[in-house]
Amino acid sequence: MLRLAWLGVRHNPARYVATIVAIMVGVAFFAATGFLSDRVVDALEGNVDREYGTVDAALIVDDSGAAGDFAGNLRIDGAVADRIASADGVEATAGVLTGKVAFRAADGSTFATDATGRLWVEDDELNPVDVIEGNAPATAGEIAVDKGLAKDHDLTVGDQVTILTLAGPADATVVGITKFGSTDALDSGGTVSIPRATAFDWLSSGQVEYQALYVRGSGDQAALVAAIEPIAPKGYRVQSGDDFRADQRKAVGSTGQLLKRVLQAFALLAMLVGAFVIYNTFSVIVTQRVRELGLLSAIGATPKQIKRALRYEGLVIGLLGSALGVLVGFGLTFAFAVGLTAIGIDLPGSGAKLGLGSALQPILLGTVITVLSVMIPARRAARTEPIEALRASAAEQSPLTRGRVIGSAALLGLGVVALVAGRDAKQLGIGALALFVGVIVAGPIIAIGGARLLRPVLSLFGLEGRLAIDNTARSPKRTAITANALLIGVFLVTLVSVAGTTMKDFVVEKIREIETADYVIQSTGGTIDPALVTKLEEVDGVTEVVAFRREAVTLDGQASQIFTGDIAALERVSGIDVSEGSFDDVGPGAIAVVGVGEAATPAIGTTVAVANAAGTRDELEVAAHIKFSIDSTVAGNFVGEEAFDRLVGDTAPTVAFIDAESGAQSTTKDAIEALVDQRPDVDLTEGNFLGQLIGGAFDFLINAVNGLLVMSIVIALIGIVNTLSLSIFERRRELGLLRAVGMTDRRVQRMVRLESVVIATLGTVVGVGLGLFMGWALVSSISRLSGADVSLSLPATRLVIVLAAGILLGVLASLIPARRSTKLDVLDAIQVT
Amino acid sequence: MSETTTTNGTAARAVEAVKTYGKGEAAVHALAGVTVDFPAHRFTAIMGPSGSGKTTLMQCIAGLDRLTSGSAYIGETELSKLSRTDLTLLRRDRLGFIFQQYNLIPTLSARENMLLPLTLAGKPADEEWFETIVSTVGMGDRLKNLPSQLSGGQQQRVAVARALIPRPDIVFADEPTGALDSSTGTEMLTFMRKAVDETGQTIVMVTHDPHAASFANSVLFLADGQITDEMEAPTTDRVLDRMKQFEG
């Protein structure tokens, strides 16, 4: 039987083209996402080894605490670093210090504004980058840039440049070009290596301090960790090199794995749609071959043997399509990478990694899905009666069995009730599933009903319109399965658009209600000096600029930060406010802490221990609670000037809130941005940046998900082409007769086109309808269950585009079958075969 | 094979066979209680006008279709008691079929088509017997061709070879010469006659062609689902005469 199956495939390849293409597209997409994510994971993990390969112990910020948000500003004091360098077993240390830098061209414009300045690591083994041209930067005024920066901005060894740092513009000479493993730069925006001679001035306002410290030792890692631990400053922890690398690998690996899982979920969806196409094709093939199957049955092929033959065909087709899919997917990986590069996303790593596992998995999956999709048609084939071999043609059986009507009605009813009245996520999920399956099962009924509804419209097109609509109603099962493939894609696009837009509008609306400062500027490592404040206050539309001092500390051992400044002015321009007590009560020995929930917030009257990076400690009494808000997370806990000086020293402000007039915001923003751009260490964020960020994130998500769903619609398109082609082959005698009695080729083609449009319209309209209903049901459930007042937002333009695109797809899908319908000679067409 | 035929030499029979299509007023009685024996090692023709039930009778006895009531036997096996699969296995192991058209699997070569029943049963081919049949039907040089590369007569010869190669108890033929020209048809019938005379094959053939019927040992006449007459040692002219009586 395997041979019969193989010969069946070999002698009728055209029959299977669409099936193979459908499998291929799904598998290719699945394989490509796998290859791509593997490459990313591989490259990132490789980078971990390259960057930290020789590290035996690492002194890093302890970000396990609840106040992890504040941890980024902690520093290791230079004196502490020196003590560690001279500890037992330590051979070399590499302090990490980074800061934002940029370059200024001769005409005053800035470039490479996302570049990271990095303290050059003198120890060869600990240094992750290699000098590929020129020398390492050694003396003041020397820098090295990475290969990518050099290429993008035409920098060569010996060039004189103006570098913008915390210390302002400075002249520098490019003395070397660096490279980091297979990628150019260690940092995403480019890496500028700066020698010790100037690094502390340029990256941290002159103080010798580090963000992290990597240690290379001579002996056992555990002994090294034990030697360093007692010296480690508050807020930091010591990890052995192996643990540290494992953590880093896990961190980057999980990003890649998440990427892989999300992408492959969409690929699976595309394959599911492909399963409909495969199922449909084989159903049609079984109908076409009913006489051959009947003959086989007459001369003694058992139902089991026939079933097996069909499954073998599925197996052959599945393997072939999947293998092709993996090859195409391999090519697609490069296309993806090129496409992403074109829109500015550089994926780590290069090429595609063709692992045995990531190649076999899609082949297995594609084949299994194909064989499963063939199961039902194969069972039907096995039921072929031998006398059907002797009949002229098989009659269409009525699809409206009582079981189908009752089953779909029950499913639809259950779905609607569970969705409208469900009490928890599980019930809603069951409802959504029941409704979806119900619509799929009810497909043929919907097809007949839809055909009846559309009949008057299509009758306007004359005889061919009527014949087209009757053809869709004649085999409603086939019409339904073809339309269902499209329905799934359209349904998901609609659901994602409706639910996504609604949630976006709701969340953004909520965030808008939060009161914040209009703009926040923060200097990383530098200061907000009075000159800058004055310049900002001169900007048209700015009413007040309040700069204040802020420092990273530990609060009861947890990373946190404290600030001090003109608290009355800060209350005026920002959302900082007390929730309990008063700022007036915060004396020299007191602190106002940010409320982060009852349990985690120290009660008023209790004492907290605050320590700075150098380990200086102070006990402060909690005098007030600050309301948790966007601005209070920017600022941190409030202390008086006296306490701040005692703990931190006489530092300059590093943060400022800017208050602007309402209206004319965009020109004001542009003016502020222009000022800030001259200072690479200063970042500007809009006060309500969260709203914009989240709005943007939602938009990106909705578009990305819909973009991926387009894949499934493409496969549905292939399905329509396939079904129409096969159905035209089946009806060639009928079409021949129509032409023999005088229907022109153009009208025959129009008939086929109309049939395709009817199928596409059914799939699209039902899909949009189902998506709208489910979106509405889910949104109102959220309102009902959580008490939040979420109102449905309809992305009307998008829905109209989806509807129009669906019908257009119908026209597109009919191009090939319509041409084929009149290609056959009239006499050949009506001849008995 | 003689061991499956009964002692009185009956290869197949029908008892009170009734086949009804449709229900109630629209019911059509294709067979209205037919009782008939098909003797072993003989060539029997079933004749009758269109709609007389001759094809239905053959299909029900051959296990291709089921009777509404009554019983059909192949040897001593009662067909109505068999499951779908058992019925298929019975057809595969004990019966051979020749149809008017669409007789071959288009993707298999002539040789593969001839051996298909044995392949389905997983039995080895008796090469000597295969050679005998192939040379008798004269298809020795076209074994590798696909059906589409053969003429209608050649295709039908492959079908006959396929029916005979497993040495079935009975070969059922439904209008085997219907799609052939007269000289090819005669050649085919001569060959079927020879199979009965020389190897003791039992053949039951449905036909409406008096010339074809004249090759049989006996002819059964059917009209309106009932047997109306039987004729031994028929000739074309005698059969033609009898047919005229029906119409008259």
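Residues numbered from 1 in each chain as written. Chains lettered and ligands numbered in written order. Predicted model: local features only at pLDDT ≥ 70, side-chain atom pairs only at ≥ 80, totals over all residues.

A. The arrangement of the overall build of chain A in detail. On a plain count of helices and strands, chain A comes out with 26 helices and 25 strands. Burial status across chain A gives 48% buried among its 833 residues. Sequence separation of 24 or more characterises 84% of the internal contacts of chain A that already satisfy a separation of 6 or more. (Helix = DSSP H or I, 4+ residues; strand = E, 2+ residues; numbered from the N terminus. Buried ≥ 20, exposed ≤ 12 C-beta atoms within 10 Å, placed from the backbone. Contact = placed C-beta atoms within 7 Å.)

B. Representation of the overall build of chain B within the structure. Across its full length, chain B carries 8 helices and 10 strands. Counting across all 248 residues of chain B, residues that qualify as buried make up 44%. A sequence separation of at least 24 residues applies to 68% of the contacts in chain B between residues at least 6 apart.

C. Representation of the sheet that holds strand β5 (residues 77-78) of chain B within the structure. Residue and element names in this part refer to chain B. Pairing is antiparallel in the open sheet, where 4 strands are placed in the order β2-β1-β4-β5. Lying at the two open borders of the sheet, with one neighbouring strand each, are β2 (28-39) and β5. Strand contacts of helix α1 (residues 54-61): β1 (10-21), β2 and β4 (69-74), with the helix running at about 120 degrees to β1, the strand carrying the most contacts. (Pairing = 2+ DSSP bridges. Axes fitted to C-alpha atoms, helices over the stretch in contact; angles between N-to-C directions.)

D. Geometry of the nonpolar core. In terms of nonpolar packing, the biggest core is built from 194 residues, with I715 of chain A together with L57 and A161 of chain B touching the most fellow members. With 19 residues, helix α2 (residues 13-52) of chain A is the single largest residue contributor to this core. Among the domains, domain 1 (1-54 + 243-395) and domain 3 (447-514 + 688-833) of chain A are the pair contributing at least three residues each to this core. Those residues in contact with I715 of chain A, other than ones at most four positions away along the chain, are A22, V25, G26, A270, V273, G274, V277 and A485 of chain A. Listed in part, the 104 residues of the second largest apolar core include A172, L186, A199 and V622 of chain A. (Core = buried A, V, L, I, M, F, W, Y, C linked by C-beta atoms within 7 Å. Domains from an automatic or database assignment.)

E. Summary view of the pairing of β2 of chain B. In terms of strand pairing, β1 of chain B meets β2 of chain B through 9 bridges, oriented antiparallel. Opposite Y21 of chain B, over in β2 of chain B, you have V28 of chain B as the bridge partner.

F. Examining the environment of E385 of chain A more closely. Tracing the sequence through the fold places E385 of chain A in the loop between α10 (356-382) and α11 (402-421). Spatially, the C-alpha atoms of E385 of chain A and S297 of chain A are 7.2 Å apart, while their sequence positions differ by 88 residues.

G. Broad picture of the interface of chain A and chain B. On the chain B side, the residues contacting the 20 residues of chain A number 20 residues. Elements that contribute at least two residues to the side of chain A that touches chain B include exactly α1 (2-11), α8 (290-298) and α9 (303-342) of chain A. Ranked by residues supplied to the side of chain A that touches chain B, first place goes to α8 of chain A with 6 residues. Partitioned by chemical class, the residues of the side of chain A that touches chain B number 12 nonpolar, 6 polar and 2 charged. (Nonpolar A, V, L, I, M, F, W, Y, C, P; charged D, E, K, R; others polar.)

H. Highlighting helix α3 (residues 110-121) of chain B. Across the 12 residues of α3 of chain B, 9 count as buried, placing the element largely inside the fold. Backbone geometry just downstream of α3 of chain B places G122 of chain B in the positive-phi region, at approximately 70 degrees.

I. Molecular detail of the sheet that holds strand β3 (residues 90-96) of chain A. Residue and element names in this part refer to chain A. Judged by pairing direction, the sheet is antiparallel, and its 4 strands sit side by side in the order β3-β14-β1-β15 without closing on themselves. The open sheet has two edge strands, β3 and β15 (236-240), and neither has a second partner. Each neighbouring strand pair of the sheet contributes to a mean axis angle of 20 degrees, computed without reference to strand direction. In this sheet, strand β14 (residues 212-217) lies alongside β3 in antiparallel orientation, the contact comprising 6 bridges. When the sheet's bridge partners are listed, A92 is paired in β14 with R216. Contacts between helix α3 (residues 78-85) and the sheet are confined to β1 (57-61), β3 and β14, with β3 contributing the most and set at about 155 degrees to the helix.

J. Geometry of α10 of chain A. With 27 residues, α10 of chain A extends 37 Å from end C-alpha to end C-alpha; this agrees with the ideal 39 Å at 1.5 Å per step. Along α10 of chain A, the largest kink reaches about 40 degrees and is centred on M375 of chain A; proline P377 of chain A follows within four residues of it. (Expected span 1.5 Å × (residues − 1). Bend = angle between axes of the 7 residues up to and from the residue.)

K. Local environment of the packing of helix α13 (residues 443-459) of chain A against helix α23 (residues 745-786) of chain A. All names here are of chain A. Closest axis-to-axis distance for the α13/α23 pair is 11 Å, and the angle between their directions is 125 degrees. For the element pair α13 / α23, the angle class is oblique. Where α13 crosses over α23, the two elements pack in a sense that is right-handed. Within the contact between the two elements, α13 uses I446, A447, G450, L454 and L458 and α23 uses L754, V758, L762 and V766. (Parallel < 35°, antiparallel > 145°, perpendicular 65-115°, else oblique. Left-handed = near helix turned anticlockwise from the far one by under 90°.)

L. Looking closely at unusual backbone geometry. With a phi angle near 50 degrees, E16 of chain B is a residue other than glycine that sits in the positive phi range. In this fold, E16 of chain B is placed in strand β1.

M. Highlighting the pairing of strand β9 (residues 218-223) of chain B. Residue and element names in this part refer to chain B. With 4 bridges connecting them, strand β3 (residues 43-47) and β9 associate as parallel partners. Note on β9: the bridge partner recorded for A45 is V219. Relative to strand β10 (residues 226-232), β9 runs antiparallel, the two being bridged by 6 bridges. Note that in β10 the partner of A223 across the bridge is Q226. In this antiparallel pair of consecutive strands, β9 and β10, the connection spans 2 residues, and D224 shows a positive phi of 50 degrees.

N. Layout of the packing of helix α14 (residues 463-474) of chain A against α23 of chain A. Residue and element names in this part refer to chain A. Closest axis-to-axis distance for the α14/α23 pair is 8 Å, and the angle between their directions is 45 degrees. With respect to α23, the element α14 is oriented oblique. For the element pair α14 and α23, the recorded crossing hand is right-handed. Residue-level inspection shows E464, G465, L467, A468, I469, N471 and T472 of α14 in contact with α23, the latter providing R747, R750, M751, L754, E755, V758 and I759.

O. Geometry of the confidence of the model for chain A. When pLDDT is averaged along chain A, the result is 81, and 89% of the positions lie at 70 or above. Low pLDDT, under 50, characterises residues 392-396 of chain A; the predicted model gives this stretch 5 contacts beyond four residues in sequence or across chains. (pLDDT = per-residue confidence, 0-100.)

P. Here's a closer look at the confidence of the model for chain B. Across chain B, the average pLDDT comes to 86, with 95% of residues at or above 70. Taken together, the stretch residues 1-7 of chain B has pLDDT below 50 and engages in 12 contacts with residues farther than four places along the chain or on a different chain.

Q. Focus on the environment of V439 of chain A. Residues and elements named next belong to chain A. The topology assignment puts V439 in helix α12 (residues 425-441). Under the C-beta neighbour-count criterion, V439 is labelled buried, with 24 such atoms within 10 Å. Measuring from C-alpha to C-alpha, the distance between V439 and L412 comes to 7.0 Å, with 27 residues separating the pair along the chain. Look past the residues within four positions of V439 in its chain and what remains in contact with it is V766 and L770.

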